[in-house]
Amino acid sequence: MYLDENALEEMERSALIDLIKDMGAREEELLAELAQRDKNEKKTRREIQHLQRAVDLEKLIVEAKANQEAVRTFAQKERDKYLRLLLVSSPNTILLLDKTGRIAYCTDVFLQRAGFSDHTEVRGYTLKEVLYKCAEEEWAEKIDGVLRQAVDTGRPLKYEASFDIGNSGYLHNYILHFSPMVNDDGGHEGVMVLFHDVTAIEKARKEAEQASLAKSVFLSNMSHEMRTPMNAIIGMTAIGKAAGGIERKDYAFGKIEDASTHLLGVINDILDMSKIEANKLELSPDLFGFEKMLQKVINVINFRVEEKHQNFTVHIDRQIPRSFVGDDQRLAQVITNLLSNAVKFTPEQGSVRLDTHFIKEDDGLCTIQIEVTDTGIGINEEQKARLFTPFQQAEDSTSRKFGGTGLGLAISRRIVEMMGGKIWIESELGRGSTFAFTVQMKRGTEEPCSLLSPEVNWKNIRLLAVDDAPEILEYFAEIARGLGVLCDTALSGEEAVRLIERNGAYDICFVDWKMPGMDGIELSRRIKKQGMGNSVVIMISATEWSVIEDDAKRAGVDKFLQKPLFPSALVDCINECMGAGPLIEEGGREQTDDFSGYRILMAEDVEINREIVTALLEPTKLAIDCAVNGVETVSMFSAAPSAYDMIFMDVQMPEMDGYEATRRIRAWEAEQRAPGENREVPEGAREFPEETPGEPPRQIPIVAMTANVFREDIEKCLAAGMNDHVGKPLDFNEVLEKLRKYLPKR
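Residues numbered from 1 in each chain as written. Predicted model: local features only at pLDDT ≥ 70, side-chain atom pairs only at ≥ 80, totals over all residues. Heavy atoms only, no water.

Colleague: An account of the sheet that holds strand 2 (residues 103–106) is requested, with residue identities and associated values reported.
Modeller: If you walk across this open sheet you meet the five strands as 2-1-5-4-3, and the pairing is antiparallel. With one partner strand each, in any of the chains shown, strand 2 and strand 3 (157–163) form the two edges of the open sheet. Taking each pair of neighbouring strands and ignoring which way they run, the sheet shows an average axis angle of 20°. In this sheet, strand 4 (residues 172–182) lies alongside strand 3 in antiparallel orientation, the contact comprising seven bridges. Residue pairing across strands places L157 opposite F178, the latter belonging to strand 4. Docked against the sheet, helix 4 (residues 137–153) engages strand 1 (93–98), strand 3, strand 4 and strand 5 (188–197), running at close to 175° with respect to strand 3. (Pairing = 2+ DSSP bridges. Helix = DSSP H or I, 4+ residues; strand = E, 2+ residues; numbered from the N terminus. Axes fitted to C-alpha atoms, helices over the stretch in contact; angles between N-to-C directions. Contact = heavy atoms within 4.5 Å.)

Colleague: Mind laying out helix 18 (residues 630–639), listing which residues take part and the relevant values?
Modeller: Residues of helix 18 that are buried include every one of G630, T633, V634 and F637, and no others. Angularly, the buried residues of helix 18 cover 95° about the axis, an arc narrow enough to put them on a single face. Elements in contact with the buried residues of helix 18: strand 18 (599–603), strand 19 (623–627), strand 20 (646–649) and helix 19 (658–672). Capping of helix 18 at its N-terminal end is provided by N629; its side-chain oxygen lies 3.1 Å from the backbone amide nitrogen of V631. (Buried < 20%, exposed > 50% of the residue type's maximum accessible area, 1.4 Å probe, protein only. Arc of directions from axis to C-beta. Polar contact = N/O pair within 3.5 Å; in protein donor to acceptor, adjacent residues only side chain to side chain.)

Colleague: Mind laying out the side chain of D317, listing which residues take part and the relevant values?
Modeller: Within the secondary structure, D317 sits in the loop between strand 7 (311–316) and strand 8 (323–326). With no salt bridge to any partner, buried D317 finds its closest opposite charge in R318, at an N-O distance of 6.4 Å. Here Q319 takes part through its backbone nitrogen, which lies 3.0 Å from a polar atom of the side chain of D317. Polar contacts involving the side chain of D317 include one to the main-chain amide nitrogen of F358, which spans 3.0 Å. Not counting residues within four places of it along the chain, the set of residues in contact with D317 comprises T356, H357 and F358. (Lys, Arg positive; Asp, Glu negative; His and termini not counted. Salt bridge = Lys/Arg side-chain N within 4 Å of Asp/Glu carboxyl O.)

Colleague: Just give me the short version of the sheet that holds strand 18, but keep the residues and values in it.
Modeller: Here five strands make up an open sheet; going across it, the order is 19-18-20-21-22 and the pairing parallel. Either end of the sheet is taken by a strand with one partner, and the two such strands are strand 19 and strand 22 (724–727). On average, each strand axis in the sheet is tilted by 25° relative to the strand beside it, whichever way the strands run. Direction of pairing for strand 21 (residues 702–706) relative to strand 22: parallel, over a ladder of four bridges. Note that in strand 22 the partner of M705 across the bridge is V726.

Colleague: Describe the nonpolar core, and please don't skip the residues or the numbers.
Modeller: Among the nonpolar cores identified, the biggest contains 69 residues, and F290, L331, I335, L339, L354, I368 and F437 are the most heavily contacted of them. Sorting elements by how many residues they give to this core places helix 8 (residues 328–344) first, with eight residues. Counting residues in hydrophobic clusters, the runner-up holds 28 residues, among them A114, F116, L147 and I165. (Core = buried A, V, L, I, M, F, W, Y, C linked by side-chain atoms within 4.5 Å.)

Colleague: Kindly report on the pattern of salt bridges, identifying the contributing residues and their values.
Modeller: A complete count under the given rule lists 28 salt bridges for this structure. Residue R205 pairs with E202 through a salt bridge whose shortest N-O separation is 2.1 Å. Note that R205 and E202 are positioned in helix 5 (residues 199–242) at a spacing of three residues, about one turn of the helix. Residue R205 is classed as partly exposed on the basis of its relative accessible area, which comes to 37%. For E202, a relative accessible area of 22% translates into the label partly exposed.

Colleague: For the side chain of D467, give the residues involved together with the corresponding values.
Modeller: Residue position: D467 is located in the loop between strand 13 (462–466) and helix 12 (470–483). With relative accessibility at 1%, the residue D467 sits in the buried group. A distance of 2.9 Å separates the side chain of D467 from the backbone nitrogen of A469, its partner in a polar contact. What D467 contacts, discounting residues up to four positions off in sequence, is I472, L473, A490, L491, D512, M515, I540 and K563.

Colleague: I'd love a proper account of the pairing of strand 2, names of residues and values included.
Modeller: As judged from the three bridges shared by strand 1 and strand 2, these two strands associate in the antiparallel manner. Residue pairing across strands places L96 opposite Y105, the latter belonging to strand 2.

Right, here's the structure in full:
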């Protein structure tokens, strides 16, 4: 078949159109397919994103769970750590029991006290089983019974007991707490057991009760100690006023003096104890002579020894320096207290001995030991433990029988400790006591010198000491060896006679007055009668010279030396017998003071105090003017400053006290001595003496005379411009010492 060209083109065009249509339809299908694919891809991506987020969330959940577990684990570890620290560090015994009643945990202190090495020895055991191992079965049973009661009732229980954990030999006081432990549902989970050791608390409570009781007893004793002398003072005052004869009045006055001295001692003890309690007790170091200090102590104690007819001896180590720098008054206070106790607790005709020893010296600081030994009642071990405690004596009956405040030894211990030493006692009940203490003091500046006079050839001098006490003869021999003098000794008058017959006459014979067999009077008579009149006989005795003077002089006794013997007094006596004067001032020697020509001003607002001072100083011929307050004192002094040589100044006075009066007097003196000023001297007043160039201007000595006696009171007086201090009630000897110190010697 033949197709023309047009038909062929038409067919081709139609075929092309169909092809184009097919291609368009296919394109639409492809576009639709692509669109569907894109939509599917987006959905797939969204699903993937959702899946990723789900995966990420799962990871977060897993991580959160892991972190939570880690936190839980960390918290548990922290709790375990602090539990371990609690168990290790707790000072109390704590045990944690599980619901079966077995030990799950316990503190280390329980292991230590019970004697276990580690927790494995107690963990898993019941409390009863553990206590069986470390305590008595009786207590294990009792504690287990209380534990069961706490579990059964579900209530905390408390139980007090005293027992020994670990069999250490010491009972401890415990308060046991049993605390049942329950969970959130109220179920039983175990028990916490706490052993609270209250041993120290209980001890402190008992000590506080004892201290309170001791103070109550002390106040009772104080009432007795103060009322007794007051009763004597009041009673003897009435007796003295009613007495017709002078002897009866003197007797009453003597008893009043004794009672007043005792009352003052009680008051001083109380004041010293109050200063110790307030930590105000202080030392006042100064240069002093050791032997002279002891002599003052002996002078105070001697009359008590004589009343009880006791044998009293003193031994001074030759190595002890003659002087020290220290507080001699406080040292004397300790020695006086120990000697007073020794005399008080030693029966009549017993023995009391004072020994001093040089221990050592380091860089000028000397250690001295002082011992007081007696043959008294002694004390037991239990009493020793509380002997140095304030407000206590060895036993209550001691206070009632012998008297005393119970403060002396406590005060003495404090003083000794402040002086770098210690104090102790050696004693047996019924066999006497030895109180000993050490102190440290600086050596004094006094240069050593020979005690014997150089005017005598001592190599040719022979001494004889006769005494029935071996310790006295030993002491004589020791002193003689130190002096380089020959000295023989005899224990009786008969032995002394034999020595004299064999060796010939001695230059000096020291003879004891009271000896068995041939006494000192008879021996002295024989020495003088048997052609030995050139021998000097010195009688030694603890008895007053006035008691034996007549018999001794008739027997030919030349001198008297009172016991206890001191090296300086002994040496002075030997020097005097050989025609030389004493080289050492004899302590305790009475002095007659003559202050005629001197005038003092006394500022005192209490009339009876002015009367007492004036009467006491009347024998000294001292002129005294009185002022009743500070204003009058300043006025009288400034009107006639050179008329007065010294001022005794009371502190507490009306209108103007002593401090202000002293400050005004010092200011007035400074003003009057100012350069370039002409000072007018009132009519009748004496001029100040000419002053030596280069020396400070003369100031009138002002001495406080006051009942304010604490250390701070004294310092306040000195700060106000006063020179010195005298405490009330007045000690007449102390007043005389101040007068001797500040009034120039004539």
